[in-house]
Amino acid sequence: MVMGIFWTLMVTVSLVYGAVSGRLSAVTAAALEGAAAAVELVLVMAGALCLWSGVLELMRRSGMAAGLSRLLRPVLRRLLPQAGRDEETLAAMEKKKQAEEEKERLLQELKDKEDITLDGTKVKLYANIGDVSDVAEVLKSNAAGIGLFRSEVLYLEKKTYPTEEEQFAAYRQVAEMMAGKEVIIRTLDIGADKQADYFKLKKEENPAMGYRAIRICLTRPEIFRTQLRAIYRASAFGKISIMFPMIASLWEVQKAKEIAASVRDELKEQGVPFGNVAIGIMIETPAAAIISEDLAKEVDFFSIGTNDLVQYTLAIDRQNEKLDEFYDPKHPAVLRLIRFVAESGHKHGCMVGICGELGAETDLTEDFLKMGIDELSVSPSFLLKVREKIRQTDLTK
């Protein structure tokens, strides 16, 4: 029927054109001829589409379409590489869409839920951030606090040392946005894979084990004191804690605490207000883990930085892609060190948390909680997944 209508229209156009073309001027006739040709082209295309639609419908009903698609897909990919890439792009987009939908589902279900296990154990679920812009996502997921504020980002964004006022403004803003929830600021962790030219650090053969983090702070106290002044001043506007990174020895903690005490005395003399700031350290080196019982006597809390702890325990450079097959963050040695640190900290009333990537591994959440880990601090994008796992866990089993 469709094809009958098509050919009827074609004949009609031809007859009309033949009937009138002889009575018109040459210019008008040429114009009419062009219009008729255009109409015929449209009709031919429409007919072809109708015919093809019918063929496709027959193929669909007979099951031939699916089979033909499977046969032609690899051929088309060889002939048209872009087609394969487009298909991969669409697949990636679909996967991203599904991830966003899952995230939204979790958000609606879990954003206002407590971080508590089935047996009633409360867990501190904190977030890791790099700067002020990350806080919105933290608040959206209703994290209990910020377990790692990477203060070095402020330095990496500058062409020279950030001033006390610049740092104070950033720390104060985060503290105020968190409205009384704890904000743990890690002091400067420059070095290794985080370089700022104005520090003028010499090239090292093994920078991951070189002049970095607390080692810079203790040997360049003017930089350290500026940052500590900014942190203590900001503590008057929220609940702020300080955490020293890359600790390997007891004397490092004691020296850092002495400098912090000196800064507090200085602020008191100047009449500058500040809050009650807890002091903690990161457990990132096997040395710190092994002497954690001694370290626990000096600080209020531990935060286990699993990224570096894995690297140093396994003697593997995590930046070296050739070593990926040897890099095992769930190595028994790493997990035993984490358990030992938790036990050592608790002996002396020291809160123990995890702020490395391993904290977001939900297949280990139950193990960590059974070890006695009090706090998990993860990237904002993992907060809801970890919360869901916490709420599904029963530590009595």
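Everything in this summary refers to the structure shown in the same document. The numbers attached to residues start from 1 for each chain and follow its sequence in the written order. Predicted model: local features are reported for residues with pLDDT of at least 70 only, side-chain atom pairs are reported and counted for 80 or more only, and whole-chain, interface and lining totals are derived from all residues. Think of the side-chain values as coming from all heavy atoms in the structure, minus any hydrogens and water.

1. Comments concerning the overall build of the protein chain
Stated precisely, the cut-off is as follows: Put simply, DSSP H or I for four residues or longer makes a helix, DSSP E for two residues or longer makes a strand, and each gets a number counted from the N terminus. For every residue, the accessible area (1.4 Å probe, protein chains only) is compared with the maximum for its type, and the residue is labelled buried under 20%, exposed over 50%, or partly exposed between those bounds. What makes two residues a contact is simply this: any of their non-hydrogen atoms within 4.5 Å. Accessibility throughout is a Shrake-Rupley quantity obtained with a 1.4 Å probe, and a residue counts as covered only by protein chains that appear here.
Regarding its fold elements, the protein chain presents 16 helices and eight strands. By residue count, 41% of the 397 residues in the protein chain fall in the buried class. Across the protein chain, the fraction of contacts at a sequence separation of at least 24, relative to all contacts at a separation of at least 6, is 70%. With the model as given, the accessible surface of the protein chain reaches about 21400 Å², and the carbon-plus-sulfur share is 57%.

2. Concerning the sheet that holds strand β7 (residues 351–354)
The test is simple: Should DSSP find at least two bridges between two strands, the strands are regarded as paired. Angles here are taken between N-to-C directions and fall from 0 to 180 degrees, while the axes themselves are lines fitted to C-alpha atoms, restricted in helices to the stretch in contact.
Around the barrel, eight strands lie side by side as β1-β2-β3-β4-β5-β6-β7-β8; this closed barrel has parallel pairing. For this sheet the average axis-to-axis angle between neighbouring strands, irrespective of direction, equals 25°. Against the sheet, helix α16 (residues 383–392) makes contact with β1 (124–129) and β8 (375–378), and its axis sits at roughly 165° relative to β1, the strand it touches most.

3. Looking at the environment of Q270
Heads up, the rule is: For this analysis, a polar contact is any N or O atom pair within 3.5 Å, provided that within protein one partner can donate a hydrogen and the other can accept it, and provided that sequence-adjacent residues contribute only side-chain to side-chain pairs.
Mapped onto the elements, Q270 comes out in the loop between α10 (250–269) and β5 (278–283). Among the polar contacts listed, one links the side chain of Q270 to the side chain of R229, at a separation of 3.1 Å.

4. What to know about unusual backbone geometry
A positive phi angle, close to 50°, is found at A179, a residue other than glycine. Here A179 is to be found in the loop between α7 (164–177) and β3 (182–186). The backbone of A315 sits at a positive phi, close to 55°, despite the residue not being glycine. Looking at where A315 falls in the secondary structure, it is placed in the loop between α13 (306–314) and α14 (332–347). Judged by relative accessible area, which is 67%, A315 ranks as exposed.

5. Concerning the pattern of salt bridges
Our working rule: Salt bridge, as applied in this entry: a Lys or Arg side-chain nitrogen positioned within 4 Å of an Asp or Glu carboxyl oxygen.
Under the definition given, this model contains 22 salt bridges. A salt bridge links K347 to E293, with the nearest nitrogen and oxygen atoms 3.6 Å apart. In this pair, K347 is assigned in helix α14 and E293 in helix α12 (residues 292–296), connecting sequence segments 54 residues apart. When its relative accessible area of 57% is taken as the criterion, K347 is described as exposed.

6. As for the packing of α13 against α14
Inclusion rule: In these notes the angle categories are as follows: under 35 degrees is roughly parallel, over 145 is roughly antiparallel, 65 to 115 is roughly perpendicular, and the rest is oblique. We call a crossing left-handed when the near helix sits turned anticlockwise from the far one by less than a right angle, and right-handed when that turn is clockwise.
Running from amino to carboxyl end, α13 crosses α14 at an angle of 125°, the nearest separation of the two axes being 10 Å. Of the possible angle classes, the one that applies to α13 and α14 is oblique. For α13 against α14, the interelement crossing comes out right-handed. Seen from α13, the contacting residues are T306, L309, V310 and T313; seen from α14, they are A333, V334, L337 and I338.

7. What about the packing of aromatic side chains?
Two aromatic rings, taken as a pair, are described by how far apart their centres are and by the angle between their planes. Here is the rule: Whether two aromatic rings pair depends on their centres lying within 6.5 Å, for rings of Phe, Tyr and Trp, where Trp uses its six-membered ring; planes under 30 degrees apart make the pair stacked, over 60 edge-to-face, and the rest tilted.
For the structure shown, the criterion picks out eight aromatic pairs. Measuring from centroid to centroid gives 5.8 Å for F149 and Y171, while their planes differ by 85°, and the two rings are edge-to-face. Taken together, the residues span a long stretch of sequence, with F149 in strand β2 (residues 145–150) and Y171 in helix α7 at a distance of 22 residues. The pair F149 / Y171 is uniform in exposure class, with both members buried. Considering the side-chain rings of Y198 and F199, the 5.2 Å spacing of their centres and the 35° angle between planes classify their relative orientation as tilted. Across the pair, F199 and Y198 agree in class, each one buried. Members of the aromatic cluster, connected to one another through ring pairs, are Y155, Y161, Y198 and F199.

8. Comments concerning the packing of α7 against helix α9 (residues 221–234)
Operational definition: In this classification, the charged set is Asp, Glu, Lys and Arg, the nonpolar set is Ala, Val, Leu, Ile, Met, Phe, Trp, Tyr, Cys and Pro, and all remaining amino acids, among them Gly, are polar.
One way to put it is that α7 packs onto α9 with a least axis distance of 8 Å and a crossing angle of 35°. As for the relative orientation of α7 and α9, their crossing is right-handed in sense. On α9, the residues touching E164, E165, Q167, F168, Y171, R172 and A175 of α7 are T226, Q227, R229, A230, I231, R233 and A234. Tallied by class, residues from the contact of α7 with α9 come to six nonpolar, three polar and five charged.

9. Comments concerning the nonpolar core
This is how the line gets drawn: We call a set of buried residues a nonpolar core when its members are Ala, Val, Leu, Ile, Met, Phe, Trp, Tyr or Cys and they connect through side-chain atoms within 4.5 Å of each other.
Core analysis: the largest hydrophobic core is formed by 86 residues, its most contacted members being F199, F302, I338 and F368. Broken down by element, the residue count for this core peaks at seven residues, all from α9. In contact with I338, other than residues within four places in its own chain, are I304, T306, L309, I354, L358, F368, M371 and I373.

10. Notes on α14
The test is simple: Take the number of residues in a helix, subtract one, and multiply by 1.5 Å to get its expected span.
For α14, built from 16 residues, the straight-helix expectation of 22 Å at 1.5 Å per residue is met to within 8% by its first-to-last C-alpha distance of 23 Å. Restricting attention to buried positions, one finds in α14 the residues V334, L335, L337, I338, V341, A342, S344 and G345. In the segment just after α14, G349 is the residue with positive phi, at about 70°.

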